[in-house]
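Each chain, written out:
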Number of protein chains: 2
Amino acid sequence: MVTHITEEIPRSVWYGWGDPARARPMGRASLKLLRDELELSSLEPTQPPVDLSEVRLGPVRLEEDVLAELRAICGSGHVSTEAQDRIEHAGGKSTPDLLRRRAGDALDAPDAVVFPATSEEVRRLLELCGRRRLAVVSFGGGTSVVGGVEPLRGRFDGVITVDLRRMDRLLSIDPVSHTATFEAGIRGPAIEAALSVHGFTLGHLPQSHQQATLGGYIATRSAGQASTGYGRADDLVKSVYVETPAGPFDVGTEAPGTAAGPKLLDVLVGSEGILGVITTATVKITPAPRHKAYGAWSFPSFEAGVEALRQLRHEGVRGDMPHVCRLSDSDETATTFKLGGRKTELLGRYLAFRGQKGPALALFVWEGDARETRARKRRSARILRKAGGLVLGPLPGQSWEHGRFSGPYMRDELLTRGVYVETLETAASWTKIGATHASVRQAILQALQENGGGAYVQAHVSHVYSDGASLYFTFLAGREEDGLAQNARVKEAASRAIVAAGATITHHHAVGTDHAPYVTAEIGDLGVRVLRGIKDVLDPQGIMNPGKLIPATAPAATRPPG
Amino acid sequence: MVTHITEEIPRSVWYGWGDPARARPMGRASLKLLRDELELSSLEPTQPPVDLSEVRLGPVRLEEDVLAELRAICGSGHVSTEAQDRIEHAGGKSTPDLLRRRAGDALDAPDAVVFPATSEEVRRLLELCGRRRLAVVSFGGGTSVVGGVEPLRGRFDGVITVDLRRMDRLLSIDPVSHTATFEAGIRGPAIEAALSVHGFTLGHLPQSHQQATLGGYIATRSAGQASTGYGRADDLVKSVYVETPAGPFDVGTEAPGTAAGPKLLDVLVGSEGILGVITTATVKITPAPRHKAYGAWSFPSFEAGVEALRQLRHEGVRGDMPHVCRLSDSDETATTFKLGGRKTELLGRYLAFRGQKGPALALFVWEGDARETRARKRRSARILRKAGGLVLGPLPGQSWEHGRFSGPYMRDELLTRGVYVETLETAASWTKIGATHASVRQAILQALQENGGGAYVQAHVSHVYSDGASLYFTFLAGREEDGLAQNARVKEAASRAIVAAGATITHHHAVGTDHAPYVTAEIGDLGVRVLRGIKDVLDPQGIMNPGKLIPATAPAATRPPG
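Per chain, residue numbering runs from 1 following the sequence as it is written. Both sets of labels track the order of writing: A upward for chains, 1 upward for ligands. With pLDDT at 70 or above as the cut-off, local features in this predicted model cover only qualifying residues; side-chain atom pairs require 80 or more to be listed or tallied, and sums for whole chains, interfaces and linings still use all residues. As a rule here, side-chain values cover all heavy atoms of the structure and leave hydrogens and water aside.

What counts here: UniProt positions are given in the numbering used here, feature names are shortened, and annotations may be inferred rather than shown by experiment.
The name given to chain A in an unreviewed UniProt entry is FAD-binding protein, with the source organism recorded as Pseudarthrobacter psychrotolerans. The record in UniProt for chain A states the following under Sequence similarities (unreviewed entry): "Belongs to the FAD-binding oxidoreductase/transferase type 4 family." We quote the UniProt Cofactor (unreviewed entry) comment for chain A here in full: "FAD".

Here you go:
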């Protein structure tokens, strides 16, 4: 498995994640543990994806003169109606996306995929699509797990997916002001490779890093694994250039800290392609760290671990917070220990001996200068120890980092072995995070077990804020015959529990189609009307990414008062 | 002069700042220096404000039944058409505001001032004003220096100013998640007093702190003197409850770090009353610091000082940045030294001996635990020394802090003495801040001297960001006969220079009426249309604070390409 953040790997295979040749097959211990947990009789790989040639596609519903116009804009080599291109752009990478495609269903694929090379070409594409009543889906790495790049036609005559992969350059860098301007289609590793030449990093490392693009980070208000240190995508972005159906929109300022009215940049950040196509972006950059310090602590319980993270954030010295800050709940910790072989098994016994029966493992990475970083770790260690943590050394953190991008590969294998697996995330205030963890976990477990059989849920905190933290759930069960119905049932139960807990429907996966029914609970009817008002200005015909973000109907759930 | 941040002082007198009894008269040395710099024959206090009884007011253009309805909503004691109330709400505290009022002109005063006590009352007020075609101005501390609370009628039959002073309570505090919810009309010192009981601070200390309100901070995207440490108002606010003509709008989430679409909170933050009245707000709070460390350094030039601040921000250890970070240019430094008496005069001579002919003085305050704070100062000192700084000890910082809120008092005396004085601010990237300082300074100086006579301009950096810093200009000249024309000429020259420099038209004073012509240069035509689109949803009749923020006509200046 690759861990180096600048290594470029091939774009994802159509039925799953990344380059299948790079997947590390699950070991026997993992498979045995899984079979036991999920009470499955077999984990044989009996459900591989169909062959590409068997995938069902609808006809291309575009007039020949439209195709000719598309070719005139992008060049004939950059407009495709080929089956493989259409299938590769038929959706994102959520489990239901993969279930559909693996079963040979790409009926929703776009009519054509275009690969513009300039902002000007994107502008002309939008003009054409408006004139010919075609929906437009903006496509970066295609890693959405919430239906964000689903090529929905809406009320239009066809749908074109605009893939930005050719717009992948670093345009300029300002080493004095610590900013850089990129084309939006550049992928995570290429961003880091381009910046590292100049001694800088963006520090944005979501699990999708190897595939996802800068434009996607910004359009989804993404958070990465080191965002506790570097800040979220919304903290990093300074300005964006967006092609909208109403014309090009240059949003944000070169100057820092303006008070010139509402921050319109935050209308475009998180807009998920419904207002326009982000074609370039200027972001804040940081000198690449010269040193990393790793640390791991074990806490008597998840609740104790959460309280320790809170104290670290609130009582710690300014700036001592680790860049990566991750706390597994007892289930996730137990699984980590079970899969770590003889060594971690002994560790589990040691912790039990020290009174930690259901320990929660916390991993940290501090980045910076060697001396400074070690000092920050040392000061943090005092707080963590006082909060009940037992120090476990640097290895668990290093081991996590080694496999930091490997999760999605494992899902492909699990699906082949007939296992249903999915993830979802939320965030809650410190006051509510314990109750949110308990109720969402319970809702998922109950929904998974509804039709009998075993189920497994684990969670971790991955981002720490002054006012709360995120929660990331991973859950597995044997796949039911109707995997899509199984998924919808679990997802709805979890979403309702999240809304009821006063948490957010999404911490970094964004809204897409899947969370749209819960947006009203988050921003209110008036908020939805404001979003529609903004869209009416920038996309009066509504061609941009229809069906995403803005809820179509009545709210699916409402937040309780208080 | 008062420096304690929780001491409540009376609301500002109608013709000037604060409680005139608390003003410290200018000393003889200051007066002599000023007379020399401005080449004035006299500084006698020959131009006092007129007597309150001489102020000219227009008639109250409200039907009696409207007044009866207002009284039915707020209670008869909380609806005023008295001359003094109307005059006190006739505008903000910019120099042209004061020139007009001191000369007896309050013809623009609102028809009535109402003092609601609840969000529900505000809601009913907006309903009434929409029904009866009345403009609504939301009024906190009334400290706007950009025309933000000017009671413009627009196309409406009358104008009502809604003063939120009765809505001044701390509603709840969450010491676990470090958040607090206040009514929006609470003033700065009352915020700090309420939080200090619980061991917390907001840390938001603009020069207007003693008068300004939380709602005003948020509506103007304010920055305070310690915002380099605590963050700007936009960083501190978590959620707002806004009464809009379209209904109550609860924006923002209790959960941190959501990715649920665009951050609509940032549409309300900085909206300057044009979308609704902010009635409550939840903000992030910080444990009150137990210690402050003060430091001052002198640099050979302003440019060298700016570079030192940049290095401190970029090369310094994470979290070592001082909370207060202020660098005076050579003019401001020279004046500080001249006014400091024998001691600072000697200091100036010492610096010249050490090779600093036009020194730039930098002041810093670090806040936190005693040991930690001292360590941060020590590490910062190494960087500042390496960047050419000579250490001056803690006294200049303490002296600055003692007079931190006194600037506006001095202006009242200067106006009485026939001096024109005003301030304005901007921010620029590190790459452009030097050129911005030079060109804006030159533009102000040239405009001040256009009709002959002496003039004086000084500037300082007051906020440091990763990508740049702010610049705050103070300038004086003898007052011309038409002081308003003089002011308009200078302000326009400065604004054009700011736009041409690629800086922002406002770093923390906001837009109001004065900067509205320059907003298009900042956000583009499409940005203006987006603002209008949002306003159409929340305030379809356009009754909220007409004439502010959104430019009425063609742009006054355009930004050069690049």
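Anyway, onward from the coordinates.
**Some words on the nonpolar core**
The criterion, for reference: Buried Ala, Val, Leu, Ile, Met, Phe, Trp, Tyr and Cys residues that are joined via side-chain atoms within 4.5 Å together make up what is termed a nonpolar core. Any residue under 20% of the maximum accessible area for its type is buried, any over 50% is exposed, and the rest in between are partly exposed; the area is computed with a 1.4 Å probe on protein chains only. Here, residues are in contact when the closest pair of their heavy atoms is within 4.5 Å.
Core analysis: the biggest nonpolar cluster contains 250 residues, and Leu-70 of chain A together with Leu-70 of chain B have the highest contact counts within it. With residues up to four places along the chain from it excluded, the contact list for Leu-70 of chain B reads Leu-62, Gly-75, Val-79, Ala-112, Val-114, Leu-125, Leu-128 and Ile-160 of chain B.

**A few points about the UniProt feature "binding site: substrate" (unreviewed entry) in chain A**
Residues and elements named next belong to chain A. The line we're drawing: Helix and strand assignments follow DSSP, with helices taken as H or I runs no shorter than four residues and strands as E runs no shorter than two, numbered in order from the N terminus. Any pair of nitrogen or oxygen atoms within 3.5 Å is treated as a polar contact; in protein, a donor-acceptor pairing is required on top of that, and neighbouring residues in sequence qualify only through side-chain atoms on both sides.
UniProt's feature table lists "binding site: substrate" (unreviewed entry) at Arg-411, given in the numbering used throughout. Along the chain, the position of Arg-411 falls in helix α16 (residues 407-416). Sequence-distant contacts of Arg-411, that is, excluding residues within four places in its chain, are made with Lys-93, Ser-94, Thr-95, Leu-98, Val-421 and Glu-422. Engagement of the side chain of Arg-411 in a polar contact is seen with the side chain of Thr-95, the distance being 3.2 Å.

**Here we look at a positive patch on the surface**
Keep this limit in mind: What goes into a patch is any residue over 30% in relative accessible area without a salt bridge, connected to like charges within 9 Å or, for nonpolar side chains (Val, Leu, Ile, Met, Phe, Trp, Tyr), within 5 Å. The accessible surface values rely on the Shrake-Rupley method and a 1.4 Å probe; as for residues, cover is taken only from the protein chains in view. Any Lys or Arg side-chain nitrogen found within 4 Å of a carboxyl oxygen on Asp or Glu counts as a salt bridge. None of His or the chain ends enter the tally, which takes Lys and Arg as positive and Asp and Glu as negative. Note on charges: their place is set at NZ of Lys, CZ of Arg, CG of Asp or CD of Glu.
There is a patch of like positive charges on the surface, built from Arg-371 of chain A together with Arg-374, Arg-378, Arg-382 and Arg-385 of chain B. Per element, the largest residue contribution to the positive patch is 4 residues, and it comes from helix α14 (residues 370-386) of chain B. With respect to the secondary-structure elements, Arg-374 of chain B resides in helix α14. Its relative accessible area of 45% is what places Arg-374 of chain B among the partly exposed residues.

**Brief notes about the relation of the copies chain A and chain B**
The criterion, for reference: Overlaid copies result from least-squares superposition on C-alpha atoms, with residues included only where pLDDT is at least 70 in both.
Superposing chain A onto chain B takes a rotation of 180 degrees combined with a translation of 0.0 Å along the rotation axis, leaving an RMSD of 0.0 Å. Here the symmetry operator amounts to a two-fold rotation axis. Taking C-alpha positions as reference, the residue of chain A nearest the rotation axis is Gly-319 of chain A, located at 1.9 Å. Interface residue correspondence from chain A to chain B reaches 100%, placing this contact among same-surface, isologous pairings.

**Points about the domain arrangement of chain A**
When the parts of a complex come together, some accessible area is lost, and that lost area is often used as the size of the interface. Residue and element names in this part refer to chain A. Rules: Note: domain ranges come from an automatic or database domain assignment. The term buried area means the drop in 1.4 Å probe accessible area that two parts suffer when joined, counted for both and summed. Side-chain classes are defined by residue name, with Ala, Val, Leu, Ile, Met, Phe, Trp, Tyr, Cys and Pro counting as nonpolar, Asp, Glu, Lys and Arg as charged, and the others, Gly among them, as polar.
As assigned here, chain A comprises domain 1 (53-163), domain 2 (170-287) and domain 3 (291-404). Computed from C-alpha coordinates alone, the two centres of domain 1 and domain 2 are separated by 24 Å. In this complex, domain 1 contributes 9 residues to the contact, which on the side of domain 2 involves 12 residues. Surface buried jointly by domain 1 and domain 2 totals about 920 Å² across both partners, of which 63% is contributed by carbon and sulfur atoms. At the surface where domain 1 touches domain 2, the tally comes to 1 salt bridge. Close ionic contact of Arg-123 with Glu-243 constitutes a salt bridge, the shortest N to O distance being 3.0 Å. Between domain 1 and domain 2 we count 4 residue pairs in polar contact (both at pLDDT 80 or more) in total. Among the elements that line the side of domain 1 that touches domain 2, the one with the most residues is helix α5 (residues 119-131), at 4 residues. Taken together, the residues of the side of domain 1 that touches domain 2 sort by class into 3 nonpolar, 5 polar and 1 charged.

**Focus on the packing of aromatic side chains**
Residue and element names in this part refer to chain B. Rule in force here: For this analysis, a ring pair means two rings from Phe, Tyr or Trp (six-membered ring only for Trp) whose centres lie within 6.5 Å, classed as stacked if their planes differ by under 30 degrees, edge-to-face if by over 60, and tilted for the remaining angles.
Within the structure shown, the criterion is met by 10 aromatic pairs over all chains. On the numbers, 5.2 Å between centres and 85 degrees between planes, the contact of Trp-14 with Tyr-15 is edge-to-face. When sorted by exposure, Trp-14 lands in the same class as Tyr-15, which is buried. Arranged with centres 5.6 Å apart and planes meeting at 40 degrees, the rings of Phe-364 and Trp-366 form a pair that is tilted.

**A few points about the pattern of salt bridges**
A full pass over the atoms with the stated rule returns 74 salt bridges over all chains. As a salt-bridge pair, Arg-132 of chain A and Asp-65 of chain A come within 3.0 Å of each other at their nearest N and O atoms. With Arg-132 of chain A in the loop between α5 and β5 (134-139) and Asp-65 of chain A in helix α2 (residues 64-74), the pair connects residues that are 67 residues apart, well separated along the chain. Of the charged contacts, one joins Asp-111 of chain B and Arg-153 of chain B as a salt bridge, the two residues approaching to 2.7 Å between their closest N and O atoms. Placement of the pair is Asp-111 of chain B in the loop between β3 (105-106) and β4 (112-114) and Arg-153 of chain B in the loop between β5 (134-139) and β6 (158-163), with a sequence separation of 42 residues. Note on accessibility: Asp-111 of chain B and Arg-153 of chain B belong to one class, buried.

**Quick notes on the side chain of His-463 of chain B**
Residue and element names in this part refer to chain B. Counting through the fold element by element, His-463 comes out in the loop between β19 (455-461) and β20 (468-478). On the accessibility criterion, His-463 (3% relative accessible area) is buried. Within polar-contact distance, the side chain of His-463 engages the backbone oxygen of Gly-224 at 2.5 Å. A polar contact of 2.8 Å, which involves the side chain of His-463, links it to the side chain of Ser-462. Those residues within four positions of His-463 in sequence are excluded, and the remaining contacts are Ala-223, Gly-224, Gln-225, Ser-227, Thr-228, Cys-325, Gly-468, Ala-469, Ser-470, His-507 and His-508.

**Some words on the interface of chain A and chain B**
Between chain A and chain B, the residue contacts involve 83 residues of the former and 83 residues of the latter. Note on chain A versus chain B: buried area summed over both sides is about 6200 Å², and carbon and sulfur give 59% of it. For the pair chain A and chain B, the number of links is 4 salt bridges. Between Asp-467 of chain B and Lys-238 of chain A there is a salt bridge; the shortest N-O distance is 2.6 Å.

**A look at the pairing of β5 of chain B**
For β5 of chain B, the buried fraction is high: 6 of the 6 residues fall into the buried class. Because side chains alternate across β5 of chain B, one face comprises the buried residues Leu-134, Val-136 and Ser-138 of chain B, and the other comprises Ala-135, Val-137 and Phe-139 of chain B, equally buried.

**Describing the sheet that holds strand β11 (residues 247-252) of chain A**
Residue and element names in this part refer to chain A. The condition is simple: Pairing between two strands requires that DSSP report at least two bridges joining them. Helix axes use the C-alpha atoms of the stretch in contact, all axes being lines fitted to C-alpha atoms, and the angles between their N-to-C directions lie in the range 0 to 180 degrees.
Strand order in the open sheet made by the 5 strands is β7-β8-β12-β10-β11, with antiparallel pairing throughout. Of all the strands in the sheet, the pair left with one neighbour each is β7 (170-174) and β11. Neighbour to neighbour, the strand axes of the sheet diverge by 10 degrees on average, direction disregarded. Summarising the sheet, strand β10 (residues 237-244) and strand β12 (residues 277-284) pair through 6 bridges and their orientation is antiparallel. Residue pairing across strands places Ser-239 opposite Thr-282, the latter belonging to β12. Of the strands in this sheet, β10, β11 and β12 are in contact with α5, which crosses β10 at around 45 degrees. Set on the sheet, helix α6 (residues 188-196) makes contact with β7 and β8 (179-183); between it and β8 the angle comes to about 135 degrees.

**Re the sheet that holds strand β2 (residues 79-80) of chain B**
Residues and elements named next belong to chain B. Read across the sheet, 4 strands follow the order β2-β4-β6-β5 without closing on themselves; strand pairing throughout is mixed. At either end of the open sheet lies a strand with only one pairing partner, and these are β2 and β5. The strands touched by helix α5 (residues 119-131) within the sheet are β4, β5 and β6, with β5 carrying the most contacts at an inclination of about 150 degrees.

**Some thoughts on unusual backbone geometry**
Despite not being glycine, Leu-549 of chain A has its phi angle at roughly 70 degrees, a positive value. As for its placement among the helices and strands, Leu-549 of chain A is situated in the segment after α19 (519-538). Take Leu-549 of chain A: its relative accessible area is 0%, and that puts it in the buried class. Its identity is not glycine, yet Asn-545 of chain B carries a phi of approximately 45 degrees, on the positive side. Residue position: Asn-545 of chain B is located in the segment after α19 (519-538).

**Let's talk about helix α14 (residues 370-386) of chain A**
Residue and element names in this part refer to chain A. Put simply, the rule reads: By definition here, a helix of n residues has an expected span of 1.5 Å times n minus one.
The terminal C-alpha atoms of α14, which comprises 17 residues, lie 25 Å apart, in line with the 24 Å expected from a rise of 1.5 Å per residue. By the burial criterion, the buried members of α14 are Glu-372, Thr-373, Ala-375, Arg-376, Ser-380, Ala-381, Ile-383 and Leu-384. Contacts from the buried residues of α14 go to β14 (291-299), α11 (302-315) and β16 (360-368). Positive phi shows up at Gly-388, right after α14, with a value of about 100 degrees.

**Considering the UniProt feature "domain: FAD-binding PCMH-type" (unreviewed entry) in chain A**
Using the residue numbers shown here, the UniProt feature "domain: FAD-binding PCMH-type" (unreviewed entry) corresponds to residues 106-288 of chain A. Overall, residues 106-288 of chain A shows 22% helix and 28% strand. The separation of its end C-alpha atoms is 42 Å.

**Notes on the side chain of Ser-222 of chain A**
Residues and elements named next belong to chain A. Mapped onto the fold, Ser-222 is located in the loop between α7 (214-219) and α8 (227-230). For Ser-222, a relative accessible area of 6% gives the class buried. Excluding residues that lie within four positions of it along the chain, Ser-222 makes contacts with His-204, Pro-206, Tyr-217, Arg-232, Ala-233, Asp-234 and His-508.

**Things to note about the packing of helix α4 (residues 95-102) of chain B against helix α16 (residues 407-416) of chain B**
Residue and element names in this part refer to chain B. Threshold: In this scheme, roughly parallel covers angles under 35 degrees and roughly antiparallel covers those over 145, while 65 to 115 is roughly perpendicular and the rest are oblique. Crossing handedness is defined as follows: a turn of the near helix away from the far one that is anticlockwise and smaller than a right angle gives a left-handed crossing, while the clockwise case is right-handed.
In contact at an axis separation of 11 Å, α4 and α16 are set at 50 degrees when each is read in the N-to-C sense. As judged from the angle between their axes, α4 and α16 are oblique. For α4 against α16, the interelement crossing comes out right-handed. Contacts between α4 and α16 involve Thr-95, Leu-98, Leu-99 and Arg-102 from the former and Arg-411, Asp-412, Leu-415 and Thr-416 from the latter. In terms of residue class, the contact of α4 with α16 is built from 3 nonpolar, 2 polar and 3 charged.

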